[in-house]
Every structure is written in structure tokens, then in C-alpha cells.
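Okay, here's what each chain looks like letter by letter:
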Amino acid sequence: MSRPRTEAEYLARLVPSSVAGIGRRSLLTGVGAGALLGTGLLAGCGSDSDSGSDSKEVSVGSNQSDPQPKGVIAKVMDGFTTSSGITTKINTVDHNTYQENINNYLQGKPDDVFMWFAGYRMRFFAAKGLAGDISDLWGRLSGYSDAFKKASTGDDGKQYFVPSSYYPWAMFYRKSVWKQHGYQVPTTLDQLTTLSAQMKKDGLTPIAFADKDGWPAMGTFDILNLRINGYQFHIDLMAGKEAWTSDKVKKVFDTWAGLLPLHQPDSLGRTWQEAAQSLQQKKSGMYLLGLFVAQQFGNDEQDDIDFFTFPEIDPAIGAKALDAPIDGYMLARKPKAEANAKKLLEFVGSKEAADITVKNDPTTLVANSGADTSGYTALQKKAAELVGSATEIAQFLDRDTRPDFASTVIIPALQQFIKNPKDIDGLVNSIENQKKSIFTS
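What this report covers is the structure whose coordinates are included nearby.

The rules behind these values
Residues numbered from 1 in each chain as written. Predicted model: local features only at pLDDT ≥ 70, side-chain atom pairs only at ≥ 80, totals over all residues. Heavy atoms only, no water. Pairing = 2+ DSSP bridges. Helix = DSSP H or I, 4+ residues; strand = E, 2+ residues; numbered from the N terminus. Axes fitted to C-alpha atoms, helices over the stretch in contact; angles between N-to-C directions. Contact = heavy atoms within 4.5 Å. Core = buried A, V, L, I, M, F, W, Y, C linked by side-chain atoms within 4.5 Å. Buried < 20%, exposed > 50% of the residue type's maximum accessible area, 1.4 Å probe, protein only. Phe/Tyr/Trp six-rings, centres within 6.5 Å; stacked < 30°, edge-to-face > 60°. Lys NZ or Arg CZ within 6 Å of the ring centre and 35° of its normal. 1 Å grid on protein atoms, 1.4 Å probe; cavity = no way out; pocket = protein on both sides within 12 Å on 5 of 7 lines; lining within 4 Å. Points joined across faces, edges and corners; volume = space filled by probe spheres on them. Nonpolar A, V, L, I, M, F, W, Y, C, P; charged D, E, K, R; others polar.

### Quick notes on the sheet that holds strand 8 (residues 305-308)
Then comes step 1: An order of 6-7-5-8 is seen for the four strands of this open sheet, with the pairing classed as mixed. Of all the strands in the sheet, the pair left with one neighbour each is strand 6 (205-208) and strand 8. Taking each pair of neighbouring strands and ignoring which way they run, the sheet shows an average axis angle of 30 degrees.
Then comes step 2: One ladder, built from four bridges, connects strand 5 (residues 169-174) with strand 7 (residues 284-290); its direction is antiparallel. Bridge pairing in strand 7 links A170 to L289.
Then comes step 3: Sitting on the sheet, helix 19 (residues 378-389) is in contact with strand 5 and strand 8, with an inclination near 15 degrees to strand 8.

This is how it looks when you write it as C-alpha cells:
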């Protein structure tokens, strides 16, 4: 599925196929793929006339397509069926396609319950009337801090989201490789570049890197902006309140350009899984990614994974801010059977569901504080401590800004930067011009 190249193309994708119409030839040639994915591959519900149905099945739209998380979701849903007698139908779509077509999906005939993210992206769809109000459900939930409730609240003060898990982004590495070469964790950018130079001498690619799917490079921009300009500037930039042409943003790209030679080359043709495998295979020394990087390691290798938070760049800002995205579930605006859909949401937000996740997934952290986390691996415990010690937590670039801005502007801009990091002025001018058009629309 190609990414929209212009704002007009993006907006065209927001029109459901039921309105736009798709001919048989369009389907066969792939011309109507965007709309098809919006109401077909991603959708599992019936028509709006089913809203009052007493169906004992709840459909769930899932972006958990990798084997391990997909299996965990299946176990959670089995737990719900066992406790409630209500069956679930999980409609799984690969993560990238799911994200790119979420707008069409929600305006068509979405599943009763769908997986999504906290932050701006949750609030955006809530404000558009594309998600169901679950404020009454929050009155029955326990085990969530005020921070998690705030992350689940729309601009109107109502709740639209049930958090299930979260994970920090950090620099991951293999302990055995670092022990073999005597590497030490860097705490400043200079120490990171010195360490990377030594890794090159030792025959390693210093930093694994991939951006075939468009979103991984956002993590690099995020952490550099957080370290160079601080949390508030980063959040304001994402909200369209700061100019991309400012010297502050140019410094981020200039710093990144200096680090690119330390990264795995040809990243635009590589998936994050392939980059993670280079770390697993001891070909790379470090990898900036989320805790889910552990999915690419065998069970017997989990104890060999460690991480450190990206080092300090400006002592006045420090290194306490980080990305720690929250994943969870939302209610469709018109589910087939609202009462049963809310029962599912109450279950996925429960201690019982969190306990199932802890037992089956060593690559994430559960949001419910009532869960039995004694089964956490050493890596999970350290990750929870890292998030707990953070002074500010961002949700990740494409969750902290408008989805159309992230999809149509930031993805191609960052990929263009990776291909040609020399024209920073041209890059930021292009981003700023497109930002003005989108944020004022």
C-alpha cells in the first residue's frame, strides 16, 4: 500500500468506498486499494442498522500482526470469552497498513472495538466523532494512575481509550557483545560517537537502522529533539505551534546528519525486524527502538538484551525525557452490540487481562498497576523503572501530531533527509509550508 504523497491524496482516502464507489476494474488493478482497505480488509462489522443487535460476538480490529503479540491478543480474547461467554472475532491487519488506513476504516464499518494509541491520535478521532464515549466504563476500572486516565481523555473531558500496555524507546544492545569488547554505556553524545567509532574498528555496524515502513526514523527525530530542545518545545512543534524553520529544528537535523554515518546504510529498504535481527545476530552494536525489539530474539537470548536511555546532549536539558507510547483499545462510534463491546473493553482493562499479558509477552509493560508483575523479566523490570524515572514522556511523533501531517509530510520528509542529509534548509522550509496548509485546514 503506497503512502499518500499529497494532502489532496490523503483527504481523498478519507472518503468511504460506499460513497466514492469502486468499480470491478479498479479492484482488480489495485486503483481502489486505499478505499478497499478502509472498509474491507480492516472492517469486520455489519452495517449501522446492526447497532441494536444482541449479538454474542464482538469484533476486534487488531494491528498486532507479528506472531508473538498476535498470540498474546488471542489469549486475552480467550480469557474474555471464558469469563463472559461472549465470543470475539479478531480481524488482524499488518501494523503499517492498519495505521495508514485507519481514517477510512473508522468512517466505514469498523469493528466493534479497535486497537489504537493514546495521545494526539486518540484525541483527533474522538474530536471527529469517530470513536465511542466510554466515560461510564472508566467508573468501573481500577488499577490506573491519573496519568493513564489523562492519556485516555479527549479534548471534551470524556474518556475514549482503555490503556493496555506501554513500552519505552531506548538504545538496546547485547550484553555478551559489549562484555566481549569492553564497551561502557555512554552518558553524553561525545561518548556515544567515540563508542561508535570503536565499534566500527571492531567490525560492527554501530547503530542498527531501518525506515522502510516510514515510522522508525520518527523515533530518532523525537529523541534528538527532546535532548536538544526539551520536552515542551517538542510537544509544541508537534502541535503546530513552533516553526520547523527555526534554528532549533535545524540543529536537530544537523546533529542527526552527523550521526547518520554511524547508522546501518540503505535503511529505506529495511524493516525494523530486519534491523533488529542484525542486533540479534551480533552484527550491530546498538539499536534505538521500543521494547518490542525483544520479539526478534529467542527465549534463550532474552537475558542477553539490555538498554540505556539515549545520552545527554545539552546538560541544561538532561536525559530524563523519552518516548513511551501507550497502546490500548477504543470503541467504534456505532458498535453492533454496545453493551457487549463495553464488556470487552472492561475486561481488557482489568487485572485479569494484564496478568495474561505478563505471562505471555516479555516485550511490553502492562498499564494496570494491579497486575502481578513478579513474572517480569529483568529487561521488563528495568524498562518499568526507566519510565518511572522519566520527568516527561512523549507518545511518539506520529501519535503526538495530526495523523495527516505525520503521514503526508513527516514520513516522506524524513526519508528524503535520510537520502540527502545536506539540504536541511530546503527540507525544513518544505515541512513548514506543508504544515501551515494542514494545520489551518
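### Regarding the nonpolar core
Then comes step 1: Formed by 132 residues in total, the largest nonpolar core has its most connected members in W244, F253, W256 and Y287.
Then comes step 2: Not counting the four nearest positions on each side in its chain, F253 is found in contact with F221, W244, L414, F417, I424, L427, V428 and I431.

### Side note on the environment of K381
Then comes step 1: Structurally, K381 is set in helix 19.
Then comes step 2: Overall, the relative accessible area of 42% leaves K381 in the partly exposed class.
Then comes step 3: When the C-alpha atoms of K381 and L365 are compared, they prove to be 8.7 Å apart, with 16 residues separating the residues in sequence.
Then comes step 4: With residues near it in sequence (within four places) discarded, K381 still touches S374 and Y376.

### Structural notes on the packing of aromatic side chains
Then comes step 1: Applying the stated criterion to the full structure yields 29 aromatic pairs.
Then comes step 2: Centroid distance F172 to F307: 5.4 Å. Interplanar angle 50 degrees. Geometry classified as tilted. Taken together, the residues F172 in strand 5 and F307 in strand 8 connect sequence positions 135 residues apart.
Then comes step 3: The exposure class assigned to F172 is buried, which follows from its relative accessible area of 0%.
Then comes step 4: Judged by centre distance (4.9 Å) and plane angle (50 degrees), the rings of W256 and F417 are tilted. In this pair, W256 is assigned in helix 15 (residues 247-259) and F417 in helix 21 (residues 403-419), connecting sequence segments 161 residues apart. Pair check on accessibility: W256 and F417 agree, each one buried.
Then comes step 5: Of the aromatic side chains, those joined through ring pairs into one cluster are Y98, Y105, F114, W116, F117, Y120, F124 and F125.
Then comes step 6: When the ring centre of F307 is taken as origin, the NZ or CZ atom of K382, which lies over that ring, is 4.9 Å away.
Then comes step 7: Above the face of the F117 ring, R399 is positioned so that its terminal group lies 3.6 Å from the ring centre.

### Let's talk about the sheet that holds strand 3 (residues 113-117)
Strands belonging to one sheet form pairs held by backbone hydrogen bonds; the direction of such a pair is parallel or antiparallel.
Then comes step 1: Overall, mixed pairing links the six strands, which are arranged 2-1-3-10-4-11 in an open sheet. Sheet topology places strand 2 (87-92) and strand 11 (365-366) at the edges, where each strand pairs with a single neighbour.
Then comes step 2: Where strand 3 lies against strand 10 (residues 326-331), five bridges are found, and the strand directions are antiparallel. Across the sheet, the residue bridging to V113 is L331, located in strand 10.

### What to know about empty space enclosed by the protein
Then comes step 1: Going through the model one piece at a time under the given rule, you end up with three cavities of 30 Å³ or more.
Then comes step 2: One number sums up the size of the second largest cavity: a volume of about 130 Å³.
Then comes step 3: Taken together, 16 residues make up the lining of the second largest cavity; nearest its centre are I207, F209, T220, H263 and L288.
Then comes step 4: For the lining of the second largest cavity, the elements supplying multiple residues, two or more each, are strand 5, strand 6, helix 13 (216-229) and strand 7.
Then comes step 5: With four residues, the top contributor of residues to the lining of the second largest cavity is helix 13.
Then comes step 6: Residue composition of the lining of the second largest cavity, grouped by class: 14 nonpolar, two polar and no charged.

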